[in-house]
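# Observations on the three-dimensional arrangement
Letter by letter, the chains look like this.
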Amino acid sequence: MLLLPALLVAVAVLVGLVLLLRPALMSAPPLEADPASPRISTEVRSGEEQVMIHVARSLSVAVGPDQVGYGEIYVVSSADGVIRLASRSEIGRGFDGEIRLQRGRRGTVVEYYVLRLPGDESLHGRVLRLDRQIADALRGLDPQADVRMVADQPRERSGGRMPPQLPAG
């Protein structure tokens, strides 16, 4: 007798969550592998080693595949100004990403790239959270840094032209 009302409440809660989360899911930045264009780029006022240490600690990800479950992201290596990231995959088709650091005019230029991305939707959500973690780590290191994310940048059409602006109204 109490089973039906409990079931109706559970369905109502699920519908409510979907309706609340739907706008956030629809506004998520496009996620695709692109080794030529960074998902995040900025210049922070700090040295390369400090940036590498701060970002690695802020991400709170394991070092090595043996410390994570299937599909989880871990640090493969961090040397020569590059933090290599991957997801654990038994068949070698997981996520691959890099955070590249190089000396800039006023500090360290940081760029984050998604090099390979499988079609696993649960992994896509984890990679989008990683985007936010990296951006937050960089802002934590240098609050004045202009952290540019792919979601904030206008998409280009073929030929390198910007899409036409629609009139307001």
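Residues numbered from 1 in each chain as written. Predicted model: local features only at pLDDT ≥ 70, side-chain atom pairs only at ≥ 80, totals over all residues. Heavy atoms only, no water.

### Observations concerning the confidence of the model for the protein
Of the residues in the protein, 70% have a pLDDT of 70 or more, and the chain-wide mean is 78. The low-confidence segment residues 155-169, where pLDDT is below 50, has eight contacts with residues more than four positions distant or belonging to other chains. (pLDDT = per-residue confidence, 0-100. Contact = heavy atoms within 4.5 Å.)

### What about the nonpolar core?
Leu85, Phe95, Ile99, Tyr112, Val127 and Leu138 are the most contacted members of the largest nonpolar core, which has 29 residues in total. Elements with a minimum of two residues in this core: strand E1 (40-44), helix H2 (48-59), strand E3 (73-79), strand E4 (82-87), strand E5 (96-103), strand E6 (108-116) and helix H3 (121-141). For this core, the element with the highest residue contribution is H3, accounting for seven residues. Ignoring sequence-local partners within four residues, the contact set of Phe95 consists of Ile73, Leu85, Ala86, Ser87, Tyr112, Val114, Arg116, Leu117, Pro118, Leu123, Val127 and Leu130. (Core = buried A, V, L, I, M, F, W, Y, C linked by side-chain atoms within 4.5 Å. Buried < 20%, exposed > 50% of the residue type's maximum accessible area, 1.4 Å probe, protein only. Helix = DSSP H or I, 4+ residues; strand = E, 2+ residues; numbered from the N terminus.)

### Notes on the pairing of E1
Regular strands place side chains that alternate from one sheet face to the opposite one. In terms of burial, E1 is largely enclosed, as four of its five residues are buried. Pairing of E1 with E6 involves five bridges; the strand directions are antiparallel. The residue of E6 that forms the bridge with Thr42 is Val110. Where E1 lies against strand E7 (residues 148-149), two bridges are found, and the strand directions are antiparallel. Looking across to E7, one finds that Ile40 is bridged to Met149. (Pairing = 2+ DSSP bridges.)

### What about the pairing of E5?
Across five bridges, E4 lies against E5 in antiparallel orientation. In the strand pairing of E5, Leu85 is matched with Gly97. Here eight bridges tie E5 to E6, and the two strands are oriented antiparallel to one another. Looking at the pairing, Leu101 lines up with Val110 of E6. Two successive antiparallel strands, E5 and E6, enclose a turn made up of four residues.

### Topic: the sheet that holds E4
Ordered in space as E2-E3-E4-E5-E6-E1-E7, the seven strands form an open sheet in which the pairing is mixed. Two strands bound the open sheet, and with one partner strand each, they are strand E2 (62-63) and E7. Direction of pairing for E2 relative to E3: parallel, over a ladder of two bridges. Each bridged residue has a counterpart across the sheet, and for Ala62 the counterpart in E3 is Tyr74. Sitting on the sheet, H2 is in contact with E1, E3, E4, E5 and E6, with an inclination near 150° to E5. In the packing of H3 onto the sheet, contacts are made with E1, E3, E4, E5, E6 and E7, and the angle to E1 comes to roughly 15°. (Axes fitted to C-alpha atoms, helices over the stretch in contact; angles between N-to-C directions.)

### Some points on unusual backbone geometry
For Asp80, which is not glycine, the phi torsion reads 55° and is therefore positive. Among the structural elements, Asp80 can be located in the loop between E3 and E4.

### Some points on the side chain of Asp142
Relative to the helices and strands, Asp142 is located in the loop between H3 and E7. Within the structure, the side chain of Asp142 is placed 2.9 Å from the backbone nitrogen of Arg45, a separation counted as a polar contact. In contact with Asp142, not counting residues within four places along its chain, are Glu43, Val44 and Arg45. (Polar contact = N/O pair within 3.5 Å; in protein donor to acceptor, adjacent residues only side chain to side chain.)

### Section: H2
Under the 1.5 Å per step criterion, the end-to-end length of H2 is 17 Å for twelve residues, consistent within 8% with the ideal 16 Å. Of all the positions in H2, only Val51, Met52, Val55 and Leu59 are classed as buried. The buried side chains of H2 occupy one side of the element, clustering within an arc of 100° when seen end-on. In H2, the exposed positions that point more than 90 degrees away from the buried face belong to Glu49 and Arg57. (Expected span 1.5 Å × (residues − 1). Arc of directions from axis to C-beta.)

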